[in-house]
Amino acid sequence: FLSLQGYEWTSRIPTKPGAALADPGNWTHPYRNRSIANHRTVIYPRAGGPILRFTEVGNDIDRLNQAVKQAGGLTLTQHSQFRPTGEDVEVAMEVTAGWGRYLESHPETFHQPLNRGLRLGFVANGDSHRRAPGLSGALTGVYAERLTAPAILDALRQRRCFATNGSRIFVDARVRVDNGAREAFMGQQITSQERDVTLSLRTVGTRDIVSVELVRDGATIKKFKGDGSKELRVAFTDKQLSSGEHWYYWRIAQARSAPPLPGNLMTAFGHLAWSSPMWVTVQ
């Protein structure tokens, strides 16, 4: 078991023309500036870092990023509404939480930053506001070299992670290019000299795997059905890609769907998982 210091940073962005970031009308009901949430999860190394309240920095997320970066920490987006900053300290997007499956209900929110060229992984957080972390219907799987704070933080920065809506599904996603000569793990980027690339997935569920889907540039391009077992291995060759950059991720579904129930002990009941994106640049 390893604990890291962190907190949820609250911020709201005005959509009313001319409204200032620091105007209390952004965060005071009835939100007269028609503001939207722009929250972040802040995670620090074991040494910790500043608790930077949004009112202390004029509601300016750039100042939050500066402080977190200086302390050696990182940030994750939250909820189904946010504006990505593009800063390197912001490493991943929360695609599901105890409150809802955001990638399912608002896919464009998460696809648009990727289409703009941002490198962001996928994570999941309970966001239960209770003292039982990891037990409220969303979990992040992390590929770390060891159970230490630096290794965990490095894995998140490198996007070696995946999201589930509660269960401990195993996800191993990779891409191979140039006739299999080179390979990249999920969260990574790779350049291909050829127009054909092969995406592979190995997943092990806590229940039978029902289906897996491969998403490219925001659209599902291939679906596989499960074979009635907890483990599934699949591969798909995406042929004749156009030159330029493409991104992929996998969506995995296992048997017996589970509803979002924030604050409840939903760890064993989750049925969905999403790999972090992989980026391929075709030359």
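The written sequence of each chain sets the order in which its residues are numbered from 1. Where totals are concerned, whole chains, interfaces and linings use all residues; where local detail is concerned, this predicted model gives features only for residues with pLDDT of at least 70, and gives and counts side-chain atom pairs only at 80 or more. Think of the side-chain values as coming from all heavy atoms in the structure, minus any hydrogens and water.

1. A few points about the overall build of the protein
Elements are defined by DSSP. Helices are runs of H or I of four residues or more, strands are runs of E of two residues or more, and each kind is numbered from the N terminus. What the protein contains, in helices and strands, is 4 helices and 19 strands. The globule rule used here is 2.2 Å times the number of residues to the 0.38 power, and the radius of gyration it is set against is calculated over C-alpha atoms. Taken over the C-alpha trace, the protein has a radius of gyration of 19 Å; the compact-globule value for 283 residues is 19 Å, and the two agree within 12%. Along the three orthogonal principal directions, the C-alpha set of the protein runs to about 55 × 45 × 35 Å. Throughout, a contact is declared for two residues whenever any of their heavy atoms are within 4.5 Å. Partitioning the intrachain contacts of the protein with sequence separation of at least 6 by distance along the chain shows that 68% fall at a separation of at least 24. Here the protein has roughly 13,300 Å² of accessible surface; of this, 49% comes from carbon and sulfur atoms. Charge assignment: positive for Lys and Arg, negative for Asp and Glu; neither His nor the chain ends contribute. By convention, the point assigned to a charge is CZ for Arg, NZ for Lys, CD for Glu and CG for Asp. For the protein, the distance from the average site of its 35 positive side-chain charges to the average site of its 26 negative ones is 4 Å. Exposure was quantified through the Shrake-Rupley algorithm and a 1.4 Å probe, taking into account, for residues, occlusion by the shown protein chains and nothing else.

2. Thoughts on helix α4 (residues 149-157)
Three or more residues of α4 are buried, namely Ala149, Ala151, Ile152, Leu153, Ala155 and Leu156. Looking at the buried side of α4, the elements it contacts are β4 (40-43), β5 (74-77), β6 (90-97), β7 (121-125), β8 (139-142) and β9 (161-164). Arg159 lies just past α4 and shows a positive phi near 60 degrees. Type-normalised accessible area, obtained with a 1.4 Å probe on protein chains alone, sets the label of each residue: buried when under 20%, exposed when over 50%, and partly exposed for intermediate values.

3. Overview of the sheet that holds strand β13 (residues 197-204)
When DSSP locates at least two bridges between a pair of strands, those strands are taken to pair. One open sheet holds the 4 strands; their spatial order is β11-β10-β13-β16, and the pairing between them is antiparallel. With one partner strand each, in any of the chains shown, β11 (182-185) and β16 (231-238) form the two edges of the open sheet. For this sheet, the mean inter-axis angle between neighbouring strands, taken without regard to orientation, is 20 degrees. Relative to β13, strand β10 (residues 170-177) runs antiparallel, the two being bridged by 7 bridges. In the sheet register, Ala173 faces β13, and the bridge partner there is Leu201. Lines fitted to C-alpha atoms define the axes here, with helix axes fitted over just the stretch in contact, and angles between the N-to-C directions of these axes take values from 0 to 180 degrees.

4. Remarks on the pattern of salt bridges
Note on definitions: salt bridges are taken to be side-chain nitrogens of Lys or Arg within 4 Å of carboxyl oxygens of Asp or Glu. The tally for this structure, following the rule as stated, stands at 16 salt bridges. Glu56 is the partner of Arg53 in a salt bridge, and the nearest nitrogen-oxygen pair spans 3.6 Å. For Arg53, a relative accessible area of 49% corresponds to the partly exposed category. For Glu56, a relative accessible area of 45% translates into the label partly exposed.

5. Observations regarding the side chain of Ser11
Position of Ser11 relative to the elements: it lies in the loop between β1 (6-9) and β2 (12-13). With relative accessibility at 2%, the residue Ser11 sits in the buried group. Among the polar contacts made by the side chain of Ser11, one reaches the side chain of Asn59 at a distance of 2.8 Å. Sequence-distant contacts of Ser11, that is, excluding residues within four places in its chain, are made with Ile36, Ala37, Asn38, His39 and Asn59. Any N or O atom pair separated by 3.5 Å or less is treated as a polar contact, with the protein-specific requirement of one donor-capable and one acceptor-capable atom, and with residues adjacent in sequence counted only for side-chain atom pairs.

6. Some remarks on the packing of aromatic side chains
What counts as a ring pair is set by centres within 6.5 Å for rings of Phe, Tyr and Trp (its six-membered ring), and what kind of pair is set by the plane angle: stacked under 30 degrees, edge-to-face over 60, tilted for all other angles. Applying the stated criterion across every chain, the model contains 9 aromatic pairs. Considering the side-chain rings of Tyr143 and Phe162, the 6.4 Å spacing of their centres and the 55 degrees angle between planes classify their relative orientation as tilted. Pair noted here: Tyr143 is in the loop between β8 and α4 and Phe162 is in strand β9, with a separation of 19 residues, a long-range link. In this structure Tyr143 comes out as partly exposed when scored by relative accessible area, which is 23%. Members of the aromatic cluster, connected to one another through ring pairs, are Tyr143, Phe162, Phe170 and Phe185. In our convention, an over-ring charge means Lys NZ or Arg CZ found within 6 Å of a ring centre and within 35 degrees of that ring's normal. A cation over an aromatic ring shows up here: Lys222 above the ring of Phe224, its NZ or CZ 5.4 Å from the ring centre.

7. What to know about the environment of Val68
Examined against the element boundaries, Val68 turns out to sit in helix α1 (residues 61-70). When the C-alpha positions of Val68 and Gly48 are compared, they lie 9.8 Å apart, and in sequence the two are 20 residues distant.

8. Here we look at the environment of His29
One can find His29 in the loop between β2 and β3 (36-37). Sequence separation between His29 and Val234 is 205 residues, and the spatial gap between their C-alpha atoms is 50 Å.

Structural measurements only, silent on function.
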